[in-house]
Amino acid sequence: MELRFLEIFCKVVELKSFSKAASALFLTQPTISSHIKALEDEAGIQLLDRLGRNVLPTKAGELLYKYAKEIVILKYNAAQALNQFAGNTKGSLIIGGSTIPGEYILPEYIGRFKDAHPEIAITLKIGDSQNIIDMLIDGAVEAAVAGSKTDDKNIECREFLKDELVLVASKKHFRDMKKQINIKDLKDNPIVIREQGSGSRRTFEKALKENGIGIEDLNIAAEVGSTEAVKNSVIAGIGVSFLSKFAVMDETSARILKRISVKDFNITRHFYILTNRSRAVSPICRSFINTLLSSL
């Protein structure tokens, strides 16, 4: 099978579209179609189903995609290794970050890595922890930093930075709130929380459970889909919230938000560097991970 045909096939499967694949690969749609037909003729079986605007792999296509993706990754890694051997560090890297690492931590490390390797293009994809783990499993990202582990044995998890979830309130709307409260006082204040699937949400619920409190026992004022939305909700006075110390550094320093201590209730967690054991790690990705680990 032609390697180029396999690359095109993978792109069509991933984008679920001939036209999007053509745009991504700088080819015409008829060229994409003819290459896919040639691949199907050689395989002697239909590989893709054309369902309206979407293109989905058949069972045979799913089987081929599993192997074709590995072949494409090996080709990319081989090219990177040769470039590195020749002293030419060029290429690209796609990494993932759950909300806190993606928005508040990884940009600094990416900048540091780019200073040392200006020829490398880095794409950062951000989602909640489960989204990022799914991307890693599917091969959409090569490595990731997330706020929770996974039970998938194919995913290697290495401890990265330590985080703390701190209770914050708007100085404007909660000016009479004490600097320290008891955990039972949490039930008396409206609280804003993250959505299901968030690593922060899981960590928060686990800490509550260890203290005999369920999420349903709280006065939940809002449930929102991003850390920034939580922070802005707190600033607007909708409620208090537990947020990563990394996410509220600027606001607490500027006294827009105030930290509230909860007696005998500390929520700490680690961020983890995640890689997929079933996929070869490229030299560029390995170098980026070393940049992350060098800070520990």
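Shown above is the structure to which this text applies.
Everything numeric here is computed off the predicted structure, so don't read it as measured data.

Visitor: Tell me what's going on with the nonpolar core, and back it up with residues and numbers.
Guide: By size, the foremost hydrophobic cluster in this structure holds 23 residues, and its most contacted members are I105, I122, F160, F271, F288 and L292. Contributions of two or more residues to this core are made by β3 (91-98), α5 (99-116), β4 (120-127), β5 (143-146), β6 (155-170), β12 (267-276) and α10 (283-293). When residues of this core are assigned to their parent elements, the largest contribution, 6 residues, is made by α5. Ignoring sequence-local partners within four residues, the contact set of F288 consists of L93, I95, L106, Y109, I110, F113 and I122. Listed in part, the 22 residues of the second largest apolar core include L165, M177, I260 and V262.

Visitor: Break down the pattern of salt bridges for me, citing the residues and quoting the values.
Guide: Close approach of charged atoms allows side chains with opposite charge to pair. Tallied over the full model, the rule gives 16 salt bridges. A salt bridge links E210 to K206; the shortest N-O distance between them is 2.9 Å. Within this pair, E210 and its partner K206 are both found in helix α7 (residues 199-210), separated by 4 residues, close to a single helical turn. Across the salt bridge formed by E228 and K231, the nearest N and O atoms sit 3.1 Å from each other. In this pair, E228 and K231 are both assigned in helix α8 (residues 227-235), 3 residues apart and thus about one turn of the helix distant. Overall, the relative accessible area of 31% leaves E228 in the partly exposed class. Several salt bridges converge on common partners, so that one network encompasses R4, E7 and K75.

Visitor: I'd like to hear about α5, residue by residue, with values.
Guide: Over its 18 residues, α5 extends 25 Å from the first C-alpha to the last, a length consistent with the 26 Å expected when each residue adds 1.5 Å. Every buried residue belonging to α5 is among T99, I100, P101, G102, I105, L106, Y109, I110 and F113, and all of these are buried.

Visitor: Please set out the side chain of S148 residue by residue, giving values where relevant.
Guide: As for its position among the elements, S148 is in the loop between β5 and β6. Given a relative accessible area of 10%, S148 falls into the buried group.

Visitor: Tell me about helix α6 (residues 129-138), and please be specific about residues and values.
Guide: Looking only at α6, the buried set comprises S129, I132, I133 and L136. Buried residues of α6, viewed axially, fall in a sector of 100°; they line one side. Here the buried face of α6 lies against β3, β4, β5, β6, α7 and β12. Where α6 begins, the side chain of D128 points an oxygen toward the backbone nitrogen of Q130, at a separation of 3.1 Å.

Visitor: Can you break down the pairing of β4 residue by residue, with the values?
Guide: Alignment of β3 against β4, held across 8 bridges, turns out to be parallel. Residue pairing for β4: S98 is matched across the bridge by G127. Handedness of the crossover joining β3 and β4 through α5: right-handed.

Reading guide: rules and limits
- Residues numbered from 1 in each chain as written.
- Predicted model: local features only at pLDDT ≥ 70, side-chain atom pairs only at ≥ 80, totals over all residues.
- Heavy atoms only, no water.
- Core = buried A, V, L, I, M, F, W, Y, C linked by side-chain atoms within 4.5 Å.
- Buried < 20%, exposed > 50% of the residue type's maximum accessible area, 1.4 Å probe, protein only.
- Helix = DSSP H or I, 4+ residues; strand = E, 2+ residues; numbered from the N terminus.
- Contact = heavy atoms within 4.5 Å.
- Salt bridge = Lys/Arg side-chain N within 4 Å of Asp/Glu carboxyl O.
- Expected span 1.5 Å × (residues − 1).
- Arc of directions from axis to C-beta.
- Polar contact = N/O pair within 3.5 Å; in protein donor to acceptor, adjacent residues only side chain to side chain.
- Pairing = 2+ DSSP bridges.
- Right-handed = clockwise from strand over helix to strand, strands pointing away.

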